[in-house]
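# Descriptive structure summary
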Amino acid sequence: MISNTRKDTQTVTSNGQRVAPLISGVVIQPAVTHLDERGTLCEILSPDRPPHPAPLISVYQFTIRPGKIKGWHVHHLHDDRIFISQGHVKVVLCDDRPGSPTYRMVNEIYRSELDRTLMVIPAYVFHAHQNIGSNDALFISMPTRPYQHDDPDVHRLPIDTDQIPYKFDNPQGW
């Protein structure tokens, strides 16, 4: 009898909810996609159920190529609201807010077009997105502050930094 096996630990409840705690202020709001013979319709953001109190002031789209990573970066002046529209990604977050109850906590979250969500990432929470699929991943971003071209609110660390307690397998990012 083989005895050196490792038993899986619970990652989700029987209804699919993650059991690991989220970093304080992070919100993952499900989106419903409606399908008929013509195609699909997915509601990304609705005033009936806002995931964040800030008004919608800026919207842009970005992609990540297969195997690539965008991150580590953090914002000081705004929160991110990022919707996954297409693809399969791993998002890693690290709370860098000394007064936060989840200070230095790391979250590893998988997101996919199979279960579209809008994620709120608070200011001072480092984040990186890795495309783990075989096609471009497509996102819609709705930050709580418009991008300032002359003074960007983007602060970066190298993907292999020792300042964040997480290591990507085969990192191909910045």
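Notes on the structure follow.

Reading the values: rules and limits
Residues numbered from 1 in each chain as written. Predicted model: local features only at pLDDT ≥ 70, side-chain atom pairs only at ≥ 80, totals over all residues. Heavy atoms only, no water. Helix = DSSP H or I, 4+ residues; strand = E, 2+ residues; numbered from the N terminus. Buried < 20%, exposed > 50% of the residue type's maximum accessible area, 1.4 Å probe, protein only. Contact = heavy atoms within 4.5 Å. Salt bridge = Lys/Arg side-chain N within 4 Å of Asp/Glu carboxyl O. Pairing = 2+ DSSP bridges. Axes fitted to C-alpha atoms, helices over the stretch in contact; angles between N-to-C directions. Phe/Tyr/Trp six-rings, centres within 6.5 Å; stacked < 30°, edge-to-face > 60°. Polar contact = N/O pair within 3.5 Å; in protein donor to acceptor, adjacent residues only side chain to side chain.

### Some details on the environment of Val 27
Here Val 27 shows up in strand S1 (residues 27-30). Note on Val 27: relative accessible area 27%, which makes it partly exposed. Between the C-alpha atoms of Val 27 and Ser 85, which are 58 residues apart in sequence, the distance is 17 Å. Dropping the residues within four chain positions of it, Val 27 is found in contact with Pro 51, Leu 118, Met 119 and Val 120.

### What to know about the pattern of salt bridges
Tallied over the full model, the rule gives 6 salt bridges. With a shortest N-O distance of 2.4 Å, Arg 38 and Asp 36 are connected by a salt bridge. The class of Arg 38 is exposed, set by a relative accessible area of 71%. With its nearest N and O atoms 3.2 Å apart, the salt bridge here joins Asp 162 to Lys 167. With a relative accessible area of 73%, Asp 162 lands in the exposed category.

### Focus: the sheet that holds strand S4 (residues 60-64)
Spatially, 5 strands are ordered S1-S9-S6-S11-S4 in an open sheet, and the strand pairing comes out antiparallel. In this open sheet, the two strands that pair with only one neighbour each are S1 and S4. When the angles between neighbouring strand axes are averaged without regard to direction, this sheet yields 25 degrees. Summarising the sheet, S4 and strand S11 (residues 137-141) pair through 5 bridges and their orientation is antiparallel.

### Topic: the packing of aromatic side chains
Counted according to the given criterion, the structure contains 5 aromatic pairs. Plain terms: the ring middles of Phe 62 and Phe 139 are 4.6 Å apart, the flat faces sit at 15 degrees to each other, and that makes the pair stacked. Pair noted here: Phe 62 is in strand S4 and Phe 139 is in strand S11, with a separation of 77 residues, a long-range link. We note that Phe 62, like Phe 139, is buried. Relative to Phe 168, the ring of Tyr 166 has its centre 5.0 Å away and its plane inclined at 75 degrees; by these criteria the two rings are edge-to-face. Assigned by exposure class, Tyr 166 and Phe 168 land together as buried. The structure contains a cluster of three or more aromatic residues connected by ring pairs, namely Tyr 60, Phe 62 and Phe 139.

### Concerning the side chain of Gln 29
Its location among the elements puts Gln 29 in strand S1. Under the relative-accessibility criterion, Gln 29 is labelled buried at 12%. Of the polar contacts made by the side chain of Gln 29, one reaches the backbone oxygen of Arg 49; its length is 2.8 Å. Residues within four places of Gln 29 in sequence aside, it is in contact with Arg 49, Pro 50, Pro 51, Arg 116, Thr 117 and Leu 118.

### Section: unusual backbone geometry
Gly 71 connects to Trp 72 through a cis peptide bond whose omega is -20 degrees. Mapped onto the elements of the fold, Trp 72 is located in strand S5 (residues 69-74). Despite not being glycine, Arg 104 has its phi angle at roughly 70 degrees, a positive value. In this fold, Arg 104 is placed in the loop between strand S7 (88-95) and strand S8 (106-112). In this structure Arg 104 comes out as partly exposed when scored by relative accessible area, which is 31%. Despite not being glycine, Tyr 124 has its phi angle at roughly 70 degrees, a positive value. Within the secondary structure, Tyr 124 is located in the loop between strand S9 (117-121) and strand S10 (125-131). For Tyr 124, a relative accessible area of 36% gives the class partly exposed.

From the geometry alone we can't say anything about function, so treat these as descriptive.
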